[in-house]
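Structural features, examined
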Amino acid sequence: MKYALFLGCTVPVRTMGYELSTRAVMKKLGIELVDLKEFGCCGFPLESIDHDTYLSVATRNLAIAEEHGLPIMTMCSACNGSLLKAHMAMNDEKIKSHINDTLTPLKRHYNGSIEVKHAARVLYENIETIKEMATPLPLKIAAHYGCHYTKPSEIYEGFEDPEVPYSLDDVIRAVGAEPVQYENKKQCCGGAILGIDESVSLEMTREKLQHVKKTGADAMTLVCPFCDIMYDVNQRRIESHFDEKFGIPVLFLPQLVGLALGIPSDELGLRLNRVPVRSLLKTLGD
Amino acid sequence: MGKTSEEPRIGVYVCHCGLNIGAVVKVKDVVDYVKTLPHVVVARESTYTCSDNGQRVIQDDISTENLNRVVVASCSPRMHGETFMKTCEQAGLNPYLFEMVNIREQCSWVHTQKEKATQKAQDLIRMAVKKAALLEPLERQKSPVQQAALVIGGGVAGIFSALYLANIGIKTYLVEKNPSIGGHMAQLDKTFPTLDCSLCILSPRMADAGNHENIELITYAHIEDISGYVGNFHITVKKEPRYIIGDQCRICGVCTEKCPISLPDEFNMGLKERKAIYIPFAQAVPNYYLIDPDNCLHLTKGGCMLCQKNCPNDAIDFDQHEEYVEFDVGAIIVATGFQLYDATQKKEYGYGVYPNVITSLDFERLVSADGPTHGKVLKPSDDTPPQKIGFIQCVGSRDEKEGAVYCSRICCMATVKQATMLREKYPDAEIYVYYTDMRTPGKGFEEFYQRGREQGIVFIRGKPGEIAENPDTNNLIIISEDTDSGLLLKNELDLVVLACGLRPPEGLDDLTGLLHLSRSPEGFIMEAHPKLRPAETSIPGVFLAGCVQFPKDIPDTVAQSGGAAAMAAQLLTKSEIELEPVRAEVDPELCVGCGLCEFLCDYGAIEVQETEDGLKAQVIEVACQGCGVCAASCPKQAITVHHFTQNQLLAQVEGALESLPPIQEVTP
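Bear in mind the structure is a predicted one, so any value in this text is a computation, not a measurement.

Scanning chain B from terminus to terminus reveals 19 helices and 34 strands. Seen through its principal axes, chain B has C-alpha atoms that stretch 85 × 70 × 60 Å. Counting all 668 residues of chain B, 43% fall into the buried class. Considering only residue pairs separated by 6 or more positions, chain B has 70% of its internal contacts joining residues 24 or more positions apart.

Right, dumping it as structure tokens:
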């Protein structure tokens, strides 16, 4: 299997560990990733401001992938939703022709043939291979799905249940770890309102960390750079802001899978994680 | 009959229907145009053609102008077709020499451009006039009526329908699929807004239905087949064996004590157990035991027979078999009720996952004296009294995602009732109702709701997006918006009741298939007219009562049951009825007996039979509904549907094409 890797803006700048681990794990699973230099912004930041412009920006990427005849793999859940929604919008011939008109000066044209998959979904679809290759991890892991990975459900056409999501829990099981259940599992990370009202945003993140803490989980796992910024990058800030200690390591799903597949922690970018993962690696005998 | 051979003399009456037609169609222009059509002797406009005066004008013209055809252009024939047929008949004109044009529903109501609408009205009338010239008089045949009725479903709707009919003196078969009549109402503890005990008011009527000399109660049975037509339906009912001799059972309960098999009790929503030999509930009618054949040890694996060995009255008979009961009736009332929305579908509320999330019907059993907790409302997780209870409204109703846009009508009041009962039992409990809109339009309903508010029940306007559970305490966390205050509220509750909406009953497809009944988009059975014929279906002789037509409360159900019974009695108290002569007829000379018509007929009204001249299709006149499928599909054009003959229809088509520009010859 071969995918065009869509990096987006945040992953390569703020969560390089996610990129490193995704590349390493996909390689190990025999999935080839191709970098297309022409890829640009996914369009997500424009979606609520100017819908047409958003569609043009997003569809431009789909057109590029189509030129190369490659399906797209995203890492960021917002990129995934944004590209997939644009792809679905092109089912309407009127919208499609309008958007293609706006792409004409850029010499791009989208016919509507490109599949867009989140890296986590690709891992879920390779769950049998992971099971075969994995050395079981004796860990308790709390899955955080975030919003765009499962919603709106109509763009995922039956992949995932937005009310009772399962794919990350299944992958956690596949690597021999125990998925723990906690009270507000489906809650948003709070990242979406970080720029609007920091106190509400941090309070939301804190609430989830509290519930995860209660379960005694060894770590959280997640699949979106924005969620990671809230739980990993901002965890210490939350601790000092609320004077409350968490110390919950946060792993990207490919980092967790990578550990089970025996990929060295350096190749998984684990040193880049803000909340130290040393104790976790010790548990694993590293 | 002589009139048909005469030159057609047609009178055309174009109706304004107040402004319904007149505001869009230029009626005067239409009349002027109609006067120019061949065979039209008189054409008039009228403000309300259906009024006494409007009808008198037609009748006067029939005699003074010697009309032998009448065309009325007004509303749908379903509205006033019969009215004008009677008008003609009273003036001595065969009612089938009347033709109706719908220029309201199919013209003025759906168009806004006056010129084009006027043109269309003219086109439609021209078509009708063309057809009218070729109409033939038809005679109605008489058919005897079986003076008995079938009521399907033994809930409150079926019980009342059957009692009303039986009290008139009509023999009534009441068929119920469950082992006892009573339906959902028997499961309720109290009724709103009077807080009457539900079974106290229902069980005397159940007993009446069980004892009535004119009612034959057939329970634990379902409708296997229905054939025939209005006045003469032939019914086959399959009755499951109970393995109990009813007359001998003294409901002493020894059998139940001895039975080793325990199962979830359906009547108590699985919150309690019953044995494989059981009685559905204490007041069940008929009041004797039955054996659940899917779970009885003897009936599944052999052996056991503890019940039989211990029964002091020899009432147990393992040799009973299913029975087929056949009978004839003249009318049928469908009263098969509803099923509750399956709350497990609404995954975000965790019903079936979180023990302390229950449905409104579960609550009824919990609060009921003979329920699993003897009337104490306790948290299912630990059987302790709840302190903070929440009700969520519109679960599976007014929810596009769940495929139900409609309001189920009873849930707001049911919740106010349940909250009120909780308040009585737990004066210090905190009670919250999360609602979309409180809908309390009924006698005493608003007062009851206000009383609930005064009793400190907190009503929050906002539908929660999800329920989360604290896995340690099984408490339920609801975060919701209060759209009145704009505040986001977080509430930790220890019991949540889902006010589930009403859905069409299970297995309705089979019944509507047998009876050829139409369904509304929500799946309930369609009534013949939403306002004026709410208890009738579009199939003659088949009537409706209760929630199978649409969700409704008990008073409305009882009222509709009375309506359905009255409509059925109106038919059944006659010795014979007139049959519609708009029917198919086969020309045996042309028929080759291919059987396509028999295969296509939805009503079983045409069959191929061996005759002296070989295989020929024959119409069963009384069953034929005149739909025309056979005539349209016959490859030999051997079938004619009276009043819609090929010549008549072709004349209409010709009339339609007249307004088109002439066809241009196309040369390659």
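Nonpolar side chains tend toward joint burial in soluble globular proteins. Counting residues in each nonpolar core, the largest one holds 132 residues, and the members touching the most others are Ala149(B) and Leu498(B). No other element matches helix H7 (residues 156–168) of chain B, which puts 9 residues into this core.

As far as domains go, chain B holds domain 1 (2–140), domain 2 (148–240 + 322–338 + 504–572), domain 3 (254–310), domain 4 (339–503) and domain 5 (584–641). Computed over C-alpha atoms, the centres of domain 1 of chain B and domain 5 of chain B are 32 Å apart.

Residue and element names in this part refer to chain A. Interaxial distance between helix H3 (residues 51–68) and helix H5 (residues 93–103) falls to 10 Å at its minimum, and their mutual angle equals 80°. Put simply, H3 runs roughly perpendicular to H5. Contacts from Leu55, Ser56, Thr59, Arg60 and Ala63 in H3 reach Ile99, Thr102 and Leu103 in H5. Class assignment for the residues of the contact of H3 with H5 results in 4 nonpolar, 3 polar and 1 charged.

Our next topic: the domain arrangement of chain A. Residue and element names in this part refer to chain A. In terms of domains, chain A is made up of domain 1 (2–118) and domain 2 (134–283). One C-alpha centre belongs to domain 1, the other to domain 2; they are set 24 Å apart. Taken together, the contact between domain 1 and domain 2 spans 22 residues of the former and 23 residues of the latter. Where the side of domain 1 that touches domain 2 is concerned, the elements lending two or more residues are helix H1 (11–14), helix H2 (16–28) and helix H4 (77–89). The element contributing the most residues to the side of domain 1 that touches domain 2 is H2, with 9 residues. Tallied by class, the residues present in the side of domain 1 that touches domain 2 amount to 10 nonpolar, 9 polar and 3 charged.

Next up on the list: the sheet that holds strand E24 (residues 467–469) of chain B. All names here are of chain B. If you walk across this open sheet you meet the 3 strands as E24-E25-E26, and the pairing is antiparallel. Of all the strands in the sheet, just E24 and strand E26 (487–493) have a single pairing partner and so form its edges. Strand-to-strand twist across the sheet, computed as the mean angle between neighbouring axes with direction ignored, equals 25°. Bridge count for E24 against strand E25 (residues 476–482) is 3 bridges, and the pairing is antiparallel. Its bridge partner lying in E25, Ala468 is registered against Ile477.

Residue and element names in this part refer to chain A. A sheet is described by the order of its strands in space; here 4 strands give the open sequence E6-E5-E7-E8, paired in parallel fashion. Every interior strand has two partners, whereas the edge strands, strand E6 (178–180) and strand E8 (250–252), have only one. Within this sheet the neighbouring strands show an average axis-to-axis angle of 40°, counted without direction. Bridging between strand E5 (residues 140–143) and strand E7 (residues 219–222) involves 3 bridges; their strand directions are parallel. Within E7, the position partnered with Ile141 by the bridge is Ala219.

Rules behind the numbers
Residues numbered from 1 in each chain as written. Chains lettered and ligands numbered in written order. Predicted model: local features only at pLDDT ≥ 70, side-chain atom pairs only at ≥ 80, totals over all residues. Helix = DSSP H or I, 4+ residues; strand = E, 2+ residues; numbered from the N terminus. Buried ≥ 20, exposed ≤ 12 C-beta atoms within 10 Å, placed from the backbone. Contact = placed C-beta atoms within 7 Å. Core = buried A, V, L, I, M, F, W, Y, C linked by C-beta atoms within 7 Å. Domains from an automatic or database assignment. Axes fitted to C-alpha atoms, helices over the stretch in contact; angles between N-to-C directions. Parallel < 35°, antiparallel > 145°, perpendicular 65-115°, else oblique. Nonpolar A, V, L, I, M, F, W, Y, C, P; charged D, E, K, R; others polar. Pairing = 2+ DSSP bridges.

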